[in-house]
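This is what each chain is made of:
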Amino acid sequence: MRIEWINREALPQAVTSRRGFLKAGAAATGGLVLGFFLPGSNKFAQAADPAKVYAPNAFLRVAPDNTITVIVNRLEFGQGVQTSLPMLIAEEMDADWSQMRGELAPAGEVYKDPAFGIQITGGSGSISRSYIQYREIGARARAMLVAAAAEQWKVAPAQLRTEKGMVIGPAGQKASYGALAEAAMKQPVPATVTLKEPKQFRYIGKPTRRIDARAKSTGKQQFGIDFKPANARTVLVARPPVFGAKVARVDAAAARAVKGVIDVFEVDLDRGARGVAVVAEGYWPAKQGRDALKVDWDDAAVEKLSSDKQLAEYLALAKAEGGAVARQADVSKLAASAQRISAIYEFPYLAHAPMEPLNCVVELKGDACTIWAGTQFQTVDQQVAAKILGIKPEQVTINTMTAGGGFGRRAVPNSDWIGDTVRVAKEWRAKGHAEPVKLVWSREDDIKAGYYRPAYVHRAEIGLDAKGEILAWDHKIVGQSIMDGTLFAPMMIKNGVDGTTIEGMGEPYAVPMQLTVHAVKANVPVLWWRSVGSTHTAFVMETLIDEAAHLAKMDPVAYRKKLMGEKHVRHLAALDLAVAKSGYGKKTLPKGRAWGVAVHESFNTVVAYVVEASIANGAPRLHKVTAGVHCNQPVNPLSIAAQVEGAALMGLGMTLPNAAITLKDGVVEQQNFGDYAVARLSDMPQVDVHIVPSNDPPTGLGEPGLPPLAPALANAVFRLTGKRLRKLPFDLTAA
């Protein structure tokens, strides 16, 4: 791994609307507790109620021992936010990094993302939407500490300076933040603060080891699946094999006979289904009990989809007239074009398959509900739980647990896994029990009964002149809408087109594209998957542009730059950096290897890949990936590199044999890693990450590293074999 970054330009002081920071009271051990509210006119609150004022809550604790605990308003599930957000506060506080701590926030009004109005970890927005927010918290804390010291020493605050968790006076006086914290609480919160310029940064932009690295590497980190109250009961649910089916008959005698099984009962589930809950003293007896169940399922009222039939329907729709128009263009020149590209692309359903399967603990006491879960969607989960129980959302407490991956699976608009646990807990209490319940999904449960990235078919008809100039582009996409029926639908579905279905189409290239969408409905639950629509649109765009470059007899990098024009400065910078650092066009590759190039923007971040690949045993082999990343101001370059590396490997996983979810008669055919492929360490290429210099506010980075990998590899395969790959996962025999 190689990381490069640089800070050159001064970041202009942000001009923000009125922000109130309130003192929330002392922690039990004494010290400073800082909170804030954001008015709706804040520049990040575009989707929030403009009249909304967020209630104050604690974001920062300075303890007497000088440790500083930052309350992180996101889920930590591998992306490093429990380090990067404390870095922002430490920067503006002039804190000593060795004394920084991170703690995940519970569900709370103050922790809601102002861009969405809900508490969420998603859209690669943890840093981009908290960058100014957390820096201002740190700056205000510093100002209050300085004011407290100035009052004690009878000097003007301007005479004081701060350094590594200390306030230093004009006569050499010194006081630690911990010693000043209690007095600082009594100081008024400054209405405005001046943030540092990039040239003053000590932490931002510097490679910083993760706060949680030691706990995770030694096995001491507690994940959600590790948590279980002493008196809790473990629950596994027998779920219908066809989505939305119900129980016709159940024979639970053998299950009840398993040692450790406490009870067996039917329970309502997500999507109108009904299943059978097995409650036991631990996971193993719960699993044995569930395996012993004899259940007949009633699936007469639900669709039983088969992948082969669905693909045939999608292919027919892709060639048919009609559909919702997402973008209009003149395609009359197609018929007379000198050169033509006619392409059909096929993409399967994909499971998220996070390493830590889903789990949730629910305790019901009186009219209150307490939940422990590694969730990306606290506000939605609160509302779903409250509705199930017939209580108010504020009566639902959610403790955010560290999670072992998610890729979108822990942010479900109807909170399937949280809701199922609450339904079980409700039924459990109705049967006279008071113990909390811990519902665990096995790997098989989530792969066979979870939510999936939709299957898609693309059809492209592109007309080019004799020199390779694109004259007309008629494009159609067929697939399910992710947003249909969710709380995001009014914002994301316009004129029948789900914005996530088409994101990334056309851009950043100046091409005359007519774009239509056939949004189909199917009895398969769908959800965003890491990088959302870009999981398929980037592959289509970057392989087609590469094909057009070949017809134009131009270098694929030069062709891309020509189509981008001068206005796409960030794309050009990322691509140029990847090209320069890879040696593309300058160094000679070993025999049997070829270059592949792709560049794509998602979540306002541009990632360009130049890859080196070969063919081994009839399959592509990826050797090296050189990444050019434009994410504006880097906060923690180590986290950026880790995110790009992980996303690249996950993108590679999309190309591997068996990396597909298929259905037959409504039943998912895959069940675990033995038949649903994910990329492994042995697949990992060398990845060098290079960051384009910038001091503009950061953009998202959790997902943008995924989309360009598969097309870059496919483009390399073309140079090796002359075959264009139009289907994921890759199959060279069918190309």
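Residues numbered from 1 in each chain as written. Predicted model: local features only at pLDDT ≥ 70, side-chain atom pairs only at ≥ 80, totals over all residues. Heavy atoms only, no water.

Draft legend 1. Quick peek at the layout of surface pockets. Taken as a whole, the second largest pocket spans an internal volume of roughly 540 Å³. If you go around the second largest pocket, you meet 27 residues; those closest to its centre are Gln-480, Ser-481, Ile-482, Asp-484 and Val-526. Listed by contribution, the elements that provide at least two residues to the lining of the second largest pocket are strand S25 (497-498) and strand S26 (513-520). Taken together, the residues of the lining of the second largest pocket sort by class into 15 nonpolar, 8 polar and 4 charged. (1 Å grid on protein atoms, 1.4 Å probe; cavity = no way out; pocket = protein on both sides within 12 Å on 5 of 7 lines; lining within 4 Å. Points joined across faces, edges and corners; volume = space filled by probe spheres on them. Helix = DSSP H or I, 4+ residues; strand = E, 2+ residues; numbered from the N terminus. Nonpolar A, V, L, I, M, F, W, Y, C, P; charged D, E, K, R; others polar.)

Draft legend 2. Local environment of the pattern of salt bridges. On inspection of all chains with the given rule, the structure shows 44 salt bridges. Arg-233 is the partner of Glu-435 in a salt bridge, and the nearest nitrogen-oxygen pair spans 3.8 Å. Residue Glu-435 is found in the loop between helix H9 (416-430) and strand S20 (437-440), and its partner Arg-233 is found in strand S9 (residues 233-238); the two are separated by 202 residues along the sequence. With relative accessibility at 24%, the residue Arg-233 sits in the partly exposed group. Here Lys-365 makes a salt bridge to Glu-363, at a shortest N to O gap of 3.8 Å. For Glu-363, a relative accessible area of 15% corresponds to the buried category. Each of the salt bridges in this network shares a partner with another, and the network as a whole consists of Glu-542, Asp-546, Arg-560, Arg-719 and Arg-724. (Salt bridge = Lys/Arg side-chain N within 4 Å of Asp/Glu carboxyl O. Buried < 20%, exposed > 50% of the residue type's maximum accessible area, 1.4 Å probe, protein only.)

Draft legend 3. Representation of empty space enclosed by the protein within the structure. Following the criterion strictly, the structure yields 3 cavities of 30 Å³ or more and no others. Of the voids in this model, the largest cavity is the one considered here, and its volume is about 120 Å³. Together, Arg-239, Pro-240, Phe-243, Gly-244, Leu-269, Asp-270, Arg-271, Ala-273, Asp-416, Asp-420, Trp-441 and Ala-449 line the largest cavity. Among the residues making up the lining of the largest cavity, the classes are represented as 6 nonpolar, 1 polar and 5 charged.

Draft legend 4. Region of interest: the pairing of strand S11 (residues 261-268). Judged from the 7 bridges that link them, S11 and strand S12 (residues 274-280) form a sheet pairing that is antiparallel. Paired with Val-261 across the strands is Ala-280, a residue of S12. Adjacent in sequence and paired antiparallel, S11 and S12 are bridged by 5 residues, among which Arg-271 carries a positive phi angle near 65 degrees. (Pairing = 2+ DSSP bridges.)

Draft legend 5. Here's a closer look at the packing of helix H14 (residues 556-564) against helix H15 (residues 569-582). Two elements in contact, H14 and H15, have axes separated by 11 Å at closest approach and are oriented at 165 degrees. It follows from the interaxial angle that H14 and H15 lie roughly antiparallel. Two packed elements cross with a definite hand, and for H14 against H15 that hand is left-handed. Here H14 contributes Val-557, Arg-560, Lys-561 and Met-564 to the contact with H15, which in turn contributes His-571, Leu-572, Leu-575, Asp-576 and Val-579. For the contact of H14 with H15, the per-class residue count stands at 5 nonpolar, 1 polar and 3 charged. (Axes fitted to C-alpha atoms, helices over the stretch in contact; angles between N-to-C directions. Parallel < 35°, antiparallel > 145°, perpendicular 65-115°, else oblique. Left-handed = near helix turned anticlockwise from the far one by under 90°. Contact = heavy atoms within 4.5 Å.)

Draft legend 6. Just the nonpolar core, in detail. One finds Tyr-349, Ile-371, Ile-470, Trp-473 and Tyr-609 to be the most contacted residues of the largest nonpolar core, which totals 150 residues. It is helix H16 (residues 637-653) that provides the largest number of residues to this core, a total of 8 residues. Contacts of Ile-371, omitting those with residues within four sequence positions, involve Cys-360, Val-361, Val-362, Ala-385, Val-396, Thr-397, Ile-398, Asn-399, Ile-418 and Val-422. Listed in part, the 47 residues of the second largest apolar core include Leu-104, Val-110, Tyr-111 and Val-635. (Core = buried A, V, L, I, M, F, W, Y, C linked by side-chain atoms within 4.5 Å.)

Draft legend 7. Structural context of H15. Here H15 is 14 residues long and its end C-alpha atoms lie 20 Å apart, about the 20 Å a rise of 1.5 Å per residue gives. Those residues of H15 lying buried are His-571, Leu-572, Ala-574, Leu-575, Leu-577, Ala-578, Val-579 and Ser-582. In this fold, the buried residues of H15 make contact with H14, strand S27 (593-602), strand S28 (605-616), strand S29 (619-630) and strand S32 (686-691). (Expected span 1.5 Å × (residues − 1).)

Draft legend 8. Structural view of unusual backbone geometry. The omega torsion across Glu-507 and Pro-508 is 0 degrees, close enough to zero to call that bond cis. Here the bond from Leu-728 into Pro-729 is cis, since omega is -5 degrees, no more than 30 degrees from zero. As for its placement among the helices and strands, Pro-729 is situated in the segment after helix H17 (709-721). The backbone of Asn-658 shows a phi angle near 75 degrees, a positive value even though the residue is not glycine. Inspection of the secondary structure assignment puts Asn-658 in the loop between H16 and strand S30 (663-664). With relative accessibility at 53%, the residue Asn-658 sits in the exposed group.

Draft legend 9. View of the pairing of S20. Alternating residues of S20 divide into Val-437 and Leu-439 and Lys-438 and Val-440, and every residue in both groups is buried. Pairing of S9 with S20, which is carried by 3 bridges, proceeds in the parallel orientation. The partner of Arg-233 across the bridge, within S20, is Val-437. Bridging between strand S17 (residues 359-365) and S20 involves 4 bridges; their strand directions are antiparallel. Looking across to S20, one finds that Cys-360 is bridged to Leu-439.

Draft legend 10. Just the side chain of Arg-129, in detail. Following the sequence through the fold, Arg-129 ends up in the loop between strand S5 (100-104) and helix H2 (131-153). A distance of 2.4 Å separates the side chain of Arg-129 from the side chain of Asp-113, its partner in a polar contact. (Polar contact = N/O pair within 3.5 Å; in protein donor to acceptor, adjacent residues only side chain to side chain.)

Draft legend 11. The sheet that holds strand S18 (residues 368-373), seen in detail. If you trace the 7 strands from one edge of the open sheet to the other, you get S11-S12-S9-S20-S17-S18-S19, paired in mixed fashion. This sheet does not close on itself; its edge strands, each paired only once, are S11 and strand S19 (396-400). Put simply, the sheet's adjacent strands are angled 25 degrees from each other on average, direction ignored. Each of S9, S11, S12 and S20 is contacted by helix H6 (residues 283-292), which is oriented at about 25 degrees to S9, the strand it contacts most. Against the sheet, helix H8 (residues 378-389) contacts S17, S18 and S19, and its axis sits at roughly 145 degrees relative to S19.

Draft legend 12. Fine view of the packing of helix H13 (residues 534-551) against H14. Close contact between H13 and H14 brings their axes to 9 Å; oriented N to C, the two are set at 105 degrees. Taken together, the axis directions place H13 and H14 in an arrangement best described as roughly perpendicular. Contact residues: Glu-542, Ile-545, Asp-546, Ala-548 and Ala-549 in H13; Pro-556, Tyr-559, Arg-560 and Leu-563 in H14. When the residues that make up the contact of H13 with H14 are grouped by side-chain class, the tally is 6 nonpolar, no polar and 3 charged.

Shape descriptors only; they carry no functional weight alone.
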